[in-house]
Amino acid sequence: ANLRNRRVSSIDELEYRVFPIYAYPYTWMTKQELAVELPRTSKNFVDLRQNKADEIGSLRVEVIQCIGLPKMDKYSLTDAFCYIVCGSEVFVTDVIPDNLNPAWLPLTRRACIMPLKNAYSQFYVGVFDYDGEKEDDDFIGRVVIDTPQLQSGFSYDITLPLRHTSKTYYRRKLGCVRLRLELHWTAGERAALLSYIPKSPSVITRRITNRPLEPTTTIKCPDAKSFASVALTVYGEDVPGKYSAHIKNATSREATLINKLMFFQAKKTGRDIATWKNPLLSMYIFWAWMYMVVYNAIDNVPSFILSLLFITLLRNYVKYNVNSAVGSLCGHRTIGGMLGVLLFNRDDSNVQMSELQRMSNRPFLERLLLNIFGLNFTAKRKKAWKNEDHSEFPLSSGLVHPKITPDEASKSHSWVAAKDETSGYISESVFNAAKLNSVLDDWDPEDDDSSDEEEWRFENGKRFDRRASFTKGEKWPGIGGFSEDSLFDESPKVARNEVSSTSAQHAIKMLPFPVLPEQDMNVKKKSSSTIIGQIEKIHAKASRAFLHLFDDRVFVADDRAEAEKLLHINTTNNPIAKKMYPILGAFLKLIDIELSAFRAVFNIVMWKDPFLSFWTTLVVFCLMVVLLFFPWRYLFFIVGLVGLGPQNYFLVDWFEAKRIARQQKKGATRKSSLESLDSYHDLAESPLLFRNNVQMKPDGRHREVIVPSVPFRYNRFYDWPPDPASTSIKEGSY
């Protein structure tokens, strides 16, 4: 706290006023007392579970403290509070006033129990500076944690650096947040593993449709303040559709990085195979190649390609999962363990095993794979996780882009846990008062030595908001040399053909013929749509090509313009930028779909989600075996008979009647399924309205934030693993 919240006790020790006052009335504590009180279990957990049949587990989340937060206001320190989002549920903590290192003690509103409906859920923690109900809260940063990285039955005490954006890479001092997590699966891990499988074939067939899918997970926001805060917690400052020079440059740099490194890796892999750097792998490829050539076994090519993918998955499993520093610190899931979960519902947990125990207890298959791929399985040092590849973002190197640590993210030192040498894992310890001094003491605003990268917070004595992304003197990144007519060739809109259903033969005569574009340049063409409309059509086609897996819709609202203004999407006073930013933002969304697809494939191959990578490996192995003996000749015979056979001459009327029925069904209105997604029967009782220990009132407008809910992980950055120096893992009590 600041000076007015400090006093000297009767025994000449400095005491601090404890907030919030309703939880600790007239309470003062020394640093040693705070050190003992802070890590205790929370007294009150807000249970957000609804005991529905689709809930397969729960996650207990406790916000312990934030460390080294930036000063967001000019005349006061940060009034910090947190949003926690998981699925369609959200929780808001108490506000800790005037503190750059706020701590939530056990009696405060800091803990909740989130329901889990699948194992691939992500939960988000956003940290904000409370500025009252009449102003928007200042967004400080967020963290994203994947549920598959946690193992049931253990309590994780972790400290993670905050990120301000979800796509743009910065190494800013935004502070860090300390959380305590505990995962529990109601019926064992088998239900969690099976949650990756679609519940019905309709889930897959709906993704092939032309129209975008209705979002399955949304959060209804009762007022504008909660709407903006939840959206920033889930998507960060650079929400999809927003354009700025920073987002454009970050997208361009990521695409360039992927192109260069993938080309280099492909070239290196081909050279290593040709030069027999790995003799066993080169021998297998040479033998398979010569076998297919000598015996004319071209039908084995698909199985051979899948076998190479299977080998790649096994190699990365050993290197980045079993033999990684991440696995050594936080435990890893083995293929044998997940098979035991699938067949016998037996938990796969090795978190508490020491590095020496993991090395000595390696299964024979793992040791064999290590020797086959030529990998070293020496014990990992505690600092080795910083230099491990792909720990910060896909294709990142620890030597060039090392993992951001809590000490780097904050100006004060983070809490360092003691290691229990007897058990081999990092155990929770009582805070050291000497280490706690730098955490509890706040910065003096007059002595604040903020770096140049934080100077954007104030300008000319006023707070400068980067979300107003176009300022005077900034170079405008417009599109030069292109006009609207040269970008797109507009075609007249095809009117829907009215087909009579009295006779299928009559409908055949009225088959729709495509309207061709006018070629005579003397004929003036009327444009029926704008450039943004054309880009949205291309975006819809690209989204459909990827089965709507990377849908980048952020919200559902009655007033779209008002929602975009609340999220500061392309809001600027420059008239030229006001016209061009939506167009450029739409282009960035197209590129982001391709980048998201690459990240999803990369994360599967690199075992960032053990459950999904396990299913992928299992499916690839089964397909490899099936295609090895697959009767391709009979398949092509059946395809030719069904698709080109003479029976189609007699079935043409039936086909046309089915086509007409589909057109009529497509034109019918469909009832939205969003009404069933409301988690709160009454928005007036929404936990989003309980802020600063006061129950607010809803404004009566319809706003919903869409939360991504697909098995594929396509985030740009990795917040996991945490720094081992500030991580505690022990057996849970849940």
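Just so we're clear, the structure is a prediction, and the values are computed from it rather than from any experiment. (Residues numbered from 1 in each chain as written. Predicted model: local features only at pLDDT ≥ 70, side-chain atom pairs only at ≥ 80, totals over all residues. Heavy atoms only, no water.)

Peer 1: Just checking my understanding: could you explain the overall build of the protein chain for this structure?
Peer 2: When helices and strands are tallied, the protein chain shows 21 helices and 20 strands. For the protein chain, buried positions account for 50% of its 734 residues. Intrachain contacts of the protein chain at a sequence separation of at least 6 include 75% that bridge at least 24 residues. (Helix = DSSP H or I, 4+ residues; strand = E, 2+ residues; numbered from the N terminus. Buried < 20%, exposed > 50% of the residue type's maximum accessible area, 1.4 Å probe, protein only. Contact = heavy atoms within 4.5 Å.)

Peer 1: Please explain the environment of R333 as it appears in this structure.
Peer 2: One can find R333 in the loop between α8 (325-330) and α9 (335-344). Taking C-alpha positions, R333 is 8.9 Å from Q151, a pair spaced 182 residues apart along the chain. At 2.8 Å, the side chain of R333 forms a polar contact with the backbone oxygen of L150. Only 3.3 Å separates the side chain of R333 from the side chain of E189, close enough to count as a polar contact. (Polar contact = N/O pair within 3.5 Å; in protein donor to acceptor, adjacent residues only side chain to side chain.)

Peer 1: Explain the layout of surface pockets here, please?
Peer 2: Its boundaries defined by the atoms lining it, the second largest pocket holds a volume of some 1400 Å³. Every residue lining the second largest pocket is counted, 38 residues in all, and those nearest its centre are Q265, T269, T312, R315 and N316. Taken together, the elements giving at least two residues each to the lining of the second largest pocket come down to α5 (245-274), α6 (279-294), α7 (301-322) and α18 (575-605). (1 Å grid on protein atoms, 1.4 Å probe; cavity = no way out; pocket = protein on both sides within 12 Å on 5 of 7 lines; lining within 4 Å. Points joined across faces, edges and corners; volume = space filled by probe spheres on them.)

Peer 1: Please clarify how the sheet that holds strand β8 (residues 111-116) should be interpreted in this entry.
Peer 2: Through backbone hydrogen bonds, the strands of a sheet pair up, either in parallel or in antiparallel fashion. Strand order in the open sheet made by the 6 strands is β4-β8-β5-β12-β11-β20, with mixed pairing throughout. Each of the sheet's edge strands pairs with one partner strand only, and the pair in question is β4 (45-47) and β20 (728-731). When strand polarity is set aside, the average angle formed by the axes of neighbouring strands in this sheet is 25 degrees. As paired strands, β4 and β8 are joined by 3 bridges and run parallel to one another. (Pairing = 2+ DSSP bridges. Axes fitted to C-alpha atoms, helices over the stretch in contact; angles between N-to-C directions.)

Peer 1: I would appreciate a short explanation of the sheet that holds strand β16 (residues 555-557) in the present structure.
Peer 2: Pairing is antiparallel across the open sheet formed by 3 strands, whose spatial order is β13-β19-β16. Strands at the two margins of the open sheet, each flanked by one partner only, are β13 (218-220) and β16. Neighbour to neighbour, the strand axes of the sheet diverge by 20 degrees on average, direction disregarded. Here β13 pairs with strand β19 (residues 703-706) via 3 bridges, running antiparallel.

Peer 1: Before we go on, may I ask you to explain the nonpolar core in this structure?
Peer 2: Proteins that are soluble and globular tend to have nonpolar side chains buried together. Of all hydrophobic cores here, the largest spans 63 residues; its most connected members are L179 and L181. Those residues within four positions of L181 in sequence are excluded, and the remaining contacts are R60, V61, F123, I145, L150, F154, S155, Y156 and I158. (Core = buried A, V, L, I, M, F, W, Y, C linked by side-chain atoms within 4.5 Å.)

Peer 1: Help me understand α5, please; the structure alone is not making it clear to me.
Peer 2: A turn of α-helix holds 3.6 residues, and therefore any two residues three or four places apart point the same way. With 30 residues, α5 should reach 44 Å at 1.5 Å per residue; the first-to-last C-alpha distance of 44 Å fits that figure. Against the buried residues of α5 lie α6 and α18. Where α5 ends, the next residue or the one after it, W276, has phi of about 60 degrees, a positive value. (Expected span 1.5 Å × (residues − 1).)

Peer 1: Please clarify how the packing of aromatic side chains should be interpreted in this entry.
Peer 2: The geometry of an aromatic ring pair is captured by the separation of the ring centres together with the interplanar angle, meaning the angle of the planes. Evaluation of the coordinates by the stated rule reveals 26 aromatic pairs. Directly above the aromatic system of F393 lies the positively charged group of R716, at a separation of 4.8 Å from the ring centroid. (Phe/Tyr/Trp six-rings, centres within 6.5 Å; stacked < 30°, edge-to-face > 60°. Lys NZ or Arg CZ within 6 Å of the ring centre and 35° of its normal.)

Peer 1: Could you clarify how one ought to interpret the environment of N249 in this entry?
Peer 2: Inspection of the secondary structure puts N249 in helix α5. Exposure remark for N249: the relative accessible area of 33% places this residue in the partly exposed category. As a C-alpha pair, N249 and T168 span 81 residues in sequence and 8.4 Å in three-dimensional space.

Peer 1: Mind showing me how you'd approach helix α16 (residues 531-545) here?
Peer 2: Across its 15 residues, α16 extends 21 Å between first and last C-alpha, which sits within 8% of the 21 Å expected from 1.5 Å per residue. Buried residues of α16: I531, G533, Q534, I535, H539 and S543, and no others. L547 lies just past α16 and shows a positive phi near 60 degrees.

Peer 1: Would you mind going over a nonpolar patch on the surface with me for this structure?
Peer 2: A cluster of nonpolar residues, W276, M283, F286, W287, W289, M290, Y291, V293, V294 and Y295, forms a patch on the protein surface that exposes about 1200 Å² of accessible area. If you trace the backbone, W287 turns up in helix α6. (Patch = residues over 30% accessible without salt bridge, like charges linked within 9 Å, V, L, I, M, F, W, Y side chains within 5 Å. Areas by Shrake-Rupley, 256 points an atom, 1.4 Å probe, with all protein chains shown as cover. Salt bridge = Lys/Arg side-chain N within 4 Å of Asp/Glu carboxyl O.)

Peer 1: What is the right way to look at the pattern of salt bridges in this model?
Peer 2: Pairing of side chains with opposite charge becomes possible as their charged atoms draw close. Applying the stated rule across the entire model yields 26 salt bridges. Salt bridges sharing partners connect three or more residues here, namely K167, E254, D592, R599 and R716.

Peer 1: What am I meant to see in the pairing of strand β11 (residues 154-161) here?
Peer 2: Regular strands show a simple pattern: their side chains alternate between the two faces of the sheet. Of all 8 residues in β11, 8 are buried, a share of seventy percent or more. The alternating pattern of β11 places F154, Y156, I158 and L160 and S155, D157, T159 and P161 on opposite faces, both of which are buried. Sheet topology note: the β11/β20 ladder contains 4 bridges and is antiparallel. Paired with F154 across the strands is E731, a residue of β20. Where β11 meets strand β12 (residues 176-185), 7 bridges bridge the pair, whose relative direction is antiparallel. Along β12, the bridge assignment pairs T159 with R178.

Peer 1: Can you walk me through the packing of α16 against α18 in this structure?
Peer 2: If you want to describe how two helices pack, look at the angle between their axes and the distance between the axes. Across the interface, α16 lies against α18 with an axial gap of 10 Å and an inter-helix angle of 10 degrees. Looking at the two axes, α16 sits roughly parallel to α18. Facing α16, whose interface residues are I531, I532, I535, I538, H539, A542 and S543, α18 presents P582, I583, A586, F587, K589, L590 and I593. Taken together, the residues of the contact of α16 with α18 break down into 11 nonpolar, 2 polar and 1 charged. (Parallel < 35°, antiparallel > 145°, perpendicular 65-115°, else oblique. Nonpolar A, V, L, I, M, F, W, Y, C, P; charged D, E, K, R; others polar.)

Peer 1: Teacher, can you tell me more about the packing of α9 against helix α19 (residues 610-628) here?
Peer 2: Where α9 contacts α19, the axes come no closer than 11 Å and their chain directions differ by 85 degrees. With respect to α19, the axis of α9 lies roughly perpendicular. Contacts from I335, M338, L339 and L342 in α9 reach P610, F611, F614 and W615 in α19. Grouping the amino acids of the contact of α9 with α19 by side-chain chemistry returns 8 nonpolar, no polar and no charged.

Peer 1: Looking at this model, I keep getting lost on unusual backbone geometry. Mind explaining?
Peer 2: Going from F19 to P20, the amide bond is cis rather than trans, its omega being -5 degrees. For P20, the location among the structural elements is in the loop between β2 (14-17) and β3 (28-29). A cis amide bond links W720 to the next residue, P721, at an omega of 15 degrees. Following the sequence through the fold, P721 ends up in the loop between β19 and β20. Of note in the backbone geometry, H548 takes a positive phi value of approximately 55 degrees without being a glycine. Secondary-structure assignment places H548 in the loop between α16 and β16. Even without being glycine, N570 reaches a positive phi, approximately 55 degrees. Relative to the assigned elements, N570 resides in the loop between α17 (560-566) and α18. Owing to a relative accessible area of 13%, N570 belongs among the buried residues under this scheme.

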